Amino acid sequence: MAVLLTNLSRRRALLLAPLLAVGLAATACSAPGTDRSSNAEPDAAVKTELGADPITLEMYAETGFPLAKALADEFSKQHPNVTFNIREDQFTVIVENAPRVMASDNSPDIIRLPTMVDLVKDNLLKNLDPYFTAYGWDKFPASQLMQLRVGENIRGNGSLYGMGLGYSVTGVFYNKKLAQQVGMTQPPATVAEFEELLAKAKAGGVQPIMQFNKNTAGINFPHQALQNQFGDPTQVADWIFQKPGATFDTPAALKATQTIQKWAQAGYFPKDANAVDYAAMVGEFQKGNGLFMFNGDWESANLDKAMPGNVGFFLFPAESAGGKHVAMSAPNTFGVSAKAKNADAAAYFLNWAHTNAKAREIAVTVGGSSPGGPSDLPVPAAAPNTVLAETLKASQQLGAENGAVDFTANATGGIFAAAITPEMQKLIAGQQTPEGYVKAVQAEYEKELSR
């Protein structure tokens, strides 16, 4: 378990850098064993047959994130002529290295994408539109691929430049025993009800929220959960997609920041949150130190092992009763380098990962996430009475409500490290005001866009 937690700590940047996925795969009537890797009519410009010749696919993936390697291993079992040479780095290193690596003569075939717009602008990413046609990716929910598109230097429309390996949903994990102790009989239906539970926990000597904020701003999870509910989430998405005129300095962002400040002052976060990293947060939650933890479904399988039967999950509630859920929900985005030596085989792998029955099962059991893909393919079932089953159900609910929003950390390549993290740490420490926070984040955003 210690090794697992160490690996998970290395994923802290990943946790705030997934991309939007709406309308995740829903159950339907297609046969569970269907593999559509070669069923579509080939596009004239690409090959959809893998062939039997030996192929080595170069993959640049993220340290501590096991899904990509698990899929690669299974793919090689099914296609013995294909081997993978996988290089792994921490996400922050990939952010720095990606442009240089992709521009080199040894560019990887498949790469974990830290950002998209700049890579597209610099002609470093392969346009996947021919594969979209050849493989029939129009069978995917359009919204699932929406923000993997880039047009006129804006995400959310235009050509397709990425695909997801596992489509995650974020929300709130809770300790069932502590929930019973504070009188929580069902998930809160409104933000106000959630805050009532926080107050009850604090009054009862229970740590209300176990959240990390060291190195990367884990408190950005609850902040954006509030921001998504306090205003029009389209405004949040527009800002992330860099649409002209979009701003972070909105009433919703200010109200969310004021609420986070209030929670910090009330002791709802650990008093040393700025010294708590991701691994420590998960470890403390597993020990029973924390009623709630804002996190994503990638942690589900781990929590089921560490806290069997004692952990639940819910989507963060709406501000008003009956309101639709909105949550950060996204794939771990991979793309094909413009200089890839095996682009057709790389696209074949990405299609296989979404459509092959075993690959979809791995996305659930290893990645803890919905596999995405065609809407008529069923999502592999998780064991009953597990938090993994709850998170899969939540992802389908979020898709049905069309409530998925990208992470604000993805607005620009440097916004998270340069503004969100340090300013959130100052806010929690009482060294920044809510007004100052939103203005500082917007100022960094404008600075980066002007480069």
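Predicted, not measured: the structure shown is a model, and the values here were computed from it.

(A) Layout of the side chain of S159. Tracing the chain through its elements places S159 in strand β6 (residues 159-160). S159 sits in the buried class, given a relative accessible area of 17%. The contacts of S159, once residues within four sequence positions are left out, are N127, D129, L148, R149 and V150.

(B) Layout of the confidence of the model for the chain. Considering every residue of the chain, the mean pLDDT works out to 88; 90% of them sit at 70 or more. A low-confidence stretch, residues 1-44 (pLDDT under 50), is modelled with 158 contacts involving residues beyond four sequence positions or located in other chains.

(C) Focus on the packing of helix α2 (residues 67-78) against helix α15 (residues 357-365). Packing of α2 against α15 leaves a shortest axis separation of 10 Å and a crossing angle of 160 degrees. Between α2 and α15, the interaxial angle falls into the category roughly antiparallel. α2 and α15 meet at a crossing whose hand is right-handed. Facing α2, whose interface residues are L67, A70, L71, E74 and Q78, α15 presents K358, A359, I362 and A363. Broken down by class, the residue content of the contact of α2 with α15 amounts to 6 nonpolar, 1 polar and 2 charged.

(D) Spatial organisation of the nonpolar core. Residues F194, W239, I260, W263, F292, F294 and F316 are the most contacted members of the largest nonpolar core, which totals 79 residues. In terms of residues, this core owes the most to one element, helix α17 (residues 415-428), which gives 7 residues. Not counting chain neighbours up to four residues away, the residues in contact with W239 comprise A246, T247, F248, T408, A411, I415, V441, Q442 and Y445.

(E) View of unusual backbone geometry. Positive phi values are uncommon outside glycine, yet N123 reaches one of about 60 degrees. Relative to the helices and strands, N123 is located in the loop between α4 (117-121) and α5 (129-135). For E152, which is not a glycine, the phi torsion comes out positive at approximately 55 degrees. Structurally, E152 is set in the loop between β4 (149-151) and β5 (154-155). Relative accessible area serves as the criterion here: at 77%, E152 is assigned to the exposed category.

(F) Main features of the sheet that holds β4. The strand order across the open sheet built from 3 strands is β5-β4-β6, with neighbouring strands paired in antiparallel fashion. Two strands close off the open sheet at either side, each with one partner strand: β5 and β6. Of the strand pairs in this sheet, β4 and β5 are connected by 2 bridges, and their pairing is antiparallel. From the neighbouring strand, V150 faces β5, where its bridge partner is R155.

(G) Structural view of the pairing of strand β1 (residues 55-62). Burial of β1 is extensive: 6 of the 8 residues sit out of reach of the surface. In the sheet, β1 pairs with strand β2 (residues 82-89) via 8 bridges, with the strands oriented parallel. Paired with T56 across the two strands is T83, which belongs to β2. Tracing the backbone out of β1, into α2 and back to the parallel element β2 gives a crossover that is right-handed. Bridge count for β1 against strand β3 (residues 110-112) is 2 bridges, and the pairing is parallel. Pairing of M59 across the sheet is with I110, part of β3.

(H) Highlighting helix α16 (residues 387-400). Between the first and last C-alpha of α16 there are 20 Å, a value that for 14 residues agrees with the 20 Å anticipated at 1.5 Å per step. Residues V387, L388, T391, L392, A394, S395, L398 and G399 constitute the buried set of α16. Projected down its long axis, α16 carries its buried residues within an arc of 155 degrees, all on one side. What points out from α16, more than 90 degrees from its buried face, is the exposed set K393 and A400. Of the residues one or two after α16, N402 is the one with positive phi, at around 55 degrees.

(I) Structural view of the pattern of salt bridges. Taken as a whole and assessed by the stated rule, the structure comprises 13 salt bridges. Among the salt bridges present, the one from D73 reaches K69, with a minimum N-O distance of 3.0 Å. With D73 and K69 both in helix α2 and 4 residues apart, this pair spans about one turn of that helix.

(J) Spatial organisation of the packing of aromatic side chains. Summed over the entire model, instances satisfying the criterion amount to 24 aromatic pairs. Centroid distance F194 to F314: 6.4 Å. Interplanar angle 70 degrees. Geometry classified as edge-to-face. Here F194, found in helix α8 (residues 191-203), pairs with F314, found in strand β9 (residues 311-314); they are 120 residues apart in sequence, far enough to count as distant. F314 matches F194 in its accessibility class, with the two residues each being buried. Aromatic side chains F292 and F314 sit 5.9 Å apart centroid to centroid with 90 degrees between the ring planes, which places their arrangement in the edge-to-face category. On the criterion of sequence distance, the pair formed by F292 in strand β8 (residues 292-296) and F314 in strand β9 is long-range, its members being 22 residues apart. Here the two residues F292 and F314 agree in accessibility, since each one is buried. Here the aromatic cluster, defined as three or more aromatic residues joined through ring pairs, consists of Y174, F194, W263, F269, F292, F294, F314 and F316. Note that R87 overlies the ring of Y60, its terminal NZ or CZ placed 4.5 Å from the centroid. The ring of F230 has K255 sitting right over it, with the charged end atom 4.5 Å from the ring centre.

Reading the values: rules and limits
Residues numbered from 1 in each chain as written. Predicted model: local features only at pLDDT ≥ 70, side-chain atom pairs only at ≥ 80, totals over all residues. Heavy atoms only, no water. Helix = DSSP H or I, 4+ residues; strand = E, 2+ residues; numbered from the N terminus. Buried < 20%, exposed > 50% of the residue type's maximum accessible area, 1.4 Å probe, protein only. Contact = heavy atoms within 4.5 Å. pLDDT = per-residue confidence, 0-100. Axes fitted to C-alpha atoms, helices over the stretch in contact; angles between N-to-C directions. Parallel < 35°, antiparallel > 145°, perpendicular 65-115°, else oblique. Left-handed = near helix turned anticlockwise from the far one by under 90°. Nonpolar A, V, L, I, M, F, W, Y, C, P; charged D, E, K, R; others polar. Core = buried A, V, L, I, M, F, W, Y, C linked by side-chain atoms within 4.5 Å. Pairing = 2+ DSSP bridges. Right-handed = clockwise from strand over helix to strand, strands pointing away. Expected span 1.5 Å × (residues − 1). Arc of directions from axis to C-beta. Salt bridge = Lys/Arg side-chain N within 4 Å of Asp/Glu carboxyl O. Phe/Tyr/Trp six-rings, centres within 6.5 Å; stacked < 30°, edge-to-face > 60°. Lys NZ or Arg CZ within 6 Å of the ring centre and 35° of its normal.

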